Amino acid sequence: MVRSGQNHKRKFLRTFFVIFSFIGVVGCDSSSNKPSTPTPPSTTMVPINTPKFNADSAFAFVKQQVDFGPRIPNTKAHVDCGNWMVEKLKEFADTVIVQSFQVRAFDGKVLNSRNIVGSFHPDLGNRILLCAHWDTRPFADQDTQRKNEPIDGANDGASGVGVLLEVARQLSIANPNVGIDIILFDVEDYGQPDESDFPTMEDSYCLGSQYWTKNLHRPNYMARYGILLDMVGSANIQFNKEGTSMQYASDIVDKVWKVAEATGFGAHFINQQRNGIIDDHYYINKTLGFKVIDLIHFEESAPSKFWKHWHTHEDTIDKIDKNSLYVTGQTLLEVLFREVPL
Ligand code: AHN
Ligand code: ZN
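Residues numbered from 1 in each chain as written. Chains lettered and ligands numbered in written order. Predicted model: local features only at pLDDT ≥ 70, side-chain atom pairs only at ≥ 80, totals over all residues. Heavy atoms only, no water.

1. Structural notes on the overall build of the chain
Part 1: Along its length, the chain carries 8 helices and 8 strands.
Part 2: In the chain, which comprises 342 residues, the proportion classed as buried is 52%.
Part 3: The long-range fraction of contacts in the chain, counting pairs at least 24 apart against all pairs at least 6 apart in sequence, stands at 78%. (Helix = DSSP H or I, 4+ residues; strand = E, 2+ residues; numbered from the N terminus. Buried < 20%, exposed > 50% of the residue type's maximum accessible area, 1.4 Å probe, protein only. Contact = heavy atoms within 4.5 Å.)

Here it is as structure tokens:
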């Protein structure tokens with residue numbers, strides 16, 4: 001009896017407190033004048049409402065670029081594709097800055113180039129950089145045939161940009177807690193081939209990102225960290241922990257790998273380190289004060305260190321796998337929407 005009496009009392013108290021706290025909550029929500037105790041922010045209580053990345057849309061953005069033809073500086077396809085990307089980013093982003101410049105390549109040619117920057121919430125100090133290169137390599141030096149002819153660059157170039165344009169479209173609909181800058185770098189892939197009659201030029205790849213590190217689109221630009229996409233569209237995408245990313249930004253690698261695992265993509269984000277490579281992220285890590293990782297496909301069996309069709313005429317639209325675009329794009333969105341305000 002005593003027990004049940006105590007139970008009864010407890011139940012009454014519980015009911016009383018439930019009603020009381022309910023009134024408390026309603027009171028807060030209906031913006032009464034009573035001062036309310038602020039609830040401490042809790043990461044576990046924050047619902048994550050990550051938008052769903054649309055792989056069909058991303059694929060269409062990849063195909064559109066390839067349909068312009070190889071995006072080689074000083075060609076019509078390059079100008080047309082650049083204009084199209086500027087229009088797309090103007091549709092999705094809050095501001096778009098186009099950085100036009102000229103650089104001299106290893107072969108002495110002066111290349112008319114453009115880095116394109118789309119920003120979301122440019123007012124926020126808490127920023128994340130997403131980037132990819134958009135130009136196409138003018139030769140197929142890893143092929144056995146037609147080595148001097150340009151490649152389509154469906155994977156090498158267009159895939160990363162396609163994913164970022166779809167991320168931009170998603171960000172035009174829903175906002176994460178951070179500001180975002182999407183930079184499409186030009187002239188990444190005009191690097192000197194291994195067999196070349198020209199005198200050796202140091203740092204001949206990544207001319208657009210090198211230019212940007214010395215001529216930021218906004219003075220003193222700073223991001224909390226950055227993620228570079230390179231060749232993210234091939235079937236059964238495999239991201240390894242790339243060496244340069246590990247050297248400069250292993251905490252960001254770990255963060256992205258954890259998010260990918262939690263999203264169910266663990267099979268695509270391999271817990272194995274690979275050799276460091278020179279890519280756009282290298283120049284940002286080396287020159288500026290923030291960390292950038294490279295999400296790039298590695299293949300054990302490939303003769304090159306990368307994708308088996310890297311810098312060959314096989315880099316065509318039929319090799320682009322929508323699921324790989326999805327894995328990459330959804331992981332990016334999950335990373336962005338899990339960020340809490342600073
Ligand atoms: C080098 O081969 C030095 N870097 C690879 C960067 C690259 C070229 N990514 C795509 N194409
Ligand atoms: Zn390339």
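2. Focus on the coordination of the zinc ion (ligand 2)
Part 1: Every protein donor of the zinc ion (ligand 2) is accounted for by Asp156 (OD), Asp189 (OD), Asp189 (OD) and His311 (NE2), and the metal-donor separations fall at 1.9 to 2.5 Å.
Part 2: Read N to C, the donor residues that coordinate the zinc ion (ligand 2) are spaced as D-x32-D-x121-H. Note that Asp156 is positioned in helix α4 (residues 154–171) and His311 in the loop between β8 (291–296) and α8 (322–338), a separation of 155 residues in sequence.
Part 3: Classification of Asp156 by relative accessible area gives buried; the value is 1%.
Part 4: The exposure class of His311 is buried, given its relative accessible area of 1%. (Donors = N, O, S within 2.8 Å, 3.2 Å for Na, K, Ca; no water.)

3. Details of the packing of aromatic side chains
Part 1: Inspection of every chain in the model, using the stated rule, returns 17 aromatic pairs.
Part 2: Each ring, one from Phe106 and one from Phe139, has its centre 6.1 Å from the other, and the planes form 70°; the classification is edge-to-face. Remark: Phe139 occurs in the loop between β3 (127–133) and α4 and Phe106 occurs in the loop between β1 (95–104) and β2 (110–120); sequence separation between them is 33 residues. Here the two residues Phe106 and Phe139 agree in accessibility, since each one is buried.
Part 3: Members of the aromatic cluster, connected to one another through ring pairs, are Phe61, Phe68, Trp84 and Phe92.
Part 4: When the ring centre of Phe59 is taken as origin, the NZ or CZ atom of Lys322, which lies over that ring, is 5.2 Å away. (Phe/Tyr/Trp six-rings, centres within 6.5 Å; stacked < 30°, edge-to-face > 60°. Lys NZ or Arg CZ within 6 Å of the ring centre and 35° of its normal.)

4. Here we look at the pairing of strand β6 (residues 239–242)
Part 1: Summarising the sheet, β6 and strand β7 (residues 269–274) pair through 3 bridges and their orientation is parallel. Paired with Glu242 across the bridge in β7 is Arg274. (Pairing = 2+ DSSP bridges.)

5. Description of unusual backbone geometry
Part 1: Positive phi, close to 45°, is recorded for Arg146, a residue that is not glycine.
Part 2: When you line up the elements, Arg146 lands in the loop between β3 and α4.

6. With respect to the nonpolar core
The nonpolar side chains of a soluble globular protein tend to be buried with one another.
Part 1: With 58 residues, the main nonpolar core has Leu130, Val167, Leu184, Ile227, Leu229 and Phe269 as its most contacted residues.
Part 2: Element by element, the count of residues in this core is highest for α4, at 9 residues.
Part 3: Contacts of Leu229, omitting those with residues within four sequence positions, involve Cys131, Ala132, Gly160, Val163, Leu164, Leu295, Thr328 and Leu332.
Part 4: Core analysis: the second largest hydrophobic core is formed by 13 residues, Val117, Phe185, Trp212 and Leu228 among them. (Core = buried A, V, L, I, M, F, W, Y, C linked by side-chain atoms within 4.5 Å.)

7. What about the pairing of β8?
Part 1: Burial runs high along β8: 5 of the 6 residues are buried.
Part 2: Relative to β8, strand β5 (residues 225–230) runs parallel, the two sharing 6 bridges. Within β8, the position partnered with Tyr225 by the bridge is Lys291.

8. Considering the layout of surface pockets
Part 1: Within this model, the largest pocket holds a volume of roughly 520 Å³.
Part 2: If you go around the largest pocket, you meet 27 residues; those closest to its centre are Gln192, Tyr205, Ile278, Lys305 and Trp310.
Part 3: Looking at the lining of the largest pocket, its residues break down into 11 nonpolar, 6 polar and 10 charged.
Part 4: Volume-wise, the second largest pocket comes out at about 320 Å³.
Part 5: Around the second largest pocket, the lining comprises 13 residues; the ones closest to its centre are Asp141, Asn148, Pro193, Glu195 and Ser196.
Part 6: Considered class by class, the residues forming the lining of the second largest pocket number 4 nonpolar, 3 polar and 6 charged. (1 Å grid on protein atoms, 1.4 Å probe; cavity = no way out; pocket = protein on both sides within 12 Å on 5 of 7 lines; lining within 4 Å. Points joined across faces, edges and corners; volume = space filled by probe spheres on them. Nonpolar A, V, L, I, M, F, W, Y, C, P; charged D, E, K, R; others polar.)

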